[in-house]
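Structural overview
One-letter residues, chain by chain:
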Amino acid sequence: MDKEKAKNILKKIFNKYTLTLAVFLFFMFLGEKHNAVQRIEYKHKIKALEQEIEYYKEVTRKNQEKLKQLQSDNEDLEKFAREQYLMKNPDEDIFVISE
């Protein structure tokens with residue numbers, strides 16, 4: 001009988017802890033407003049946004065270099081204006097060749 005009593009006591013204790021653990025896991029993963037699943041999603045979003053920030057920093061750096069180059073050299077400025085905005089002198093004709 002002592003063995004059966006011990007088994008019954010262990011089953012009751014184990015069931016209480018199992019139930020407590022199940023409730024805890026439910027609230028951790030599904031129950032709360034800021035649960036574990038959302039935290040993982042937020043981590044992925046943050047990582048994507050950080051990569052986007054790095055991309056735009058690189059684009060900004062390249063554009064600043066191009067701006068410095070255009071401000072320092074009139075020939076480059078004229079070339080840029082002719083290519084990007086199809087600017088021309090009054091006595092010139094423009095032929096646009098596209099692929």
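None of these values were measured; they are calculated from a predicted model. (Residues numbered from 1 in each chain as written. Predicted model: local features only at pLDDT ≥ 70, side-chain atom pairs only at ≥ 80, totals over all residues. Heavy atoms only, no water.)

1. Here's the deal with the confidence of the model for the protein
Of the residues in the protein, 95% have a pLDDT of 70 or more, and the chain-wide mean is 82. Summarising per-element confidence for the protein, the mean pLDDT is lowest in helix α1 (residues 2–31) (77) and highest in helix α2 (residues 36–72) (92). (pLDDT = per-residue confidence, 0-100. Helix = DSSP H or I, 4+ residues; strand = E, 2+ residues; numbered from the N terminus.)

2. Points about the pattern of salt bridges
Going through the model one piece at a time under the given rule, you end up with two salt bridges. For R61, the salt bridge goes to E65, with nearest N and O atoms at 2.5 Å. Of this pair, R61 and E65 both sit in helix α2, separated by four residues, roughly a single helical turn. A residue is classified by how much of its surface remains accessible, and R61, at 36% relative accessible area, is partly exposed. When its relative accessible area of 46% is taken as the criterion, E65 is described as partly exposed. Each of E58, R61 and E65 takes part in salt bridges that share partners, so that together they form one network. (Salt bridge = Lys/Arg side-chain N within 4 Å of Asp/Glu carboxyl O. Buried < 20%, exposed > 50% of the residue type's maximum accessible area, 1.4 Å probe, protein only.)

3. A look at the packing of aromatic side chains
Counting across every chain of the model gives one aromatic pair. Note on Y55 and Y56: the rings are 5.0 Å apart at their centroids and 70 degrees apart in plane angle, and the pair reads as edge-to-face. (Phe/Tyr/Trp six-rings, centres within 6.5 Å; stacked < 30°, edge-to-face > 60°.)

4. Things to note about helix α3 (residues 74–85)
Its 12 residues place the ends of α3 16 Å apart at the C-alpha level, agreeing with the 16 Å of an ideal helix rising 1.5 Å per residue. The first or second residue beyond α3 is L86, which carries a positive phi of 50 degrees. (Expected span 1.5 Å × (residues − 1).)

5. Focus: a nonpolar patch on the surface
On the surface, a cluster of nonpolar side chains totalling about 1000 Å² of accessible area is made up of L19, L21, V23, F24, L25, F26, F27, M28, F29, L30 and V37. At 10 residues, the largest contribution of residues to the nonpolar patch is made by α1. Looking at the element boundaries, F27 is found in helix α1. (Patch = residues over 30% accessible without salt bridge, like charges linked within 9 Å, V, L, I, M, F, W, Y side chains within 5 Å. Areas by Shrake-Rupley, 256 points an atom, 1.4 Å probe, with all protein chains shown as cover.)

6. Remarks on the environment of Y55
Tracing the sequence through the fold places Y55 in helix α2. The exposure class assigned to Y55 is exposed, which follows from its relative accessible area of 51%. A C-alpha to C-alpha distance of 23 Å links Y55 and L70, two positions 15 residues apart in sequence.

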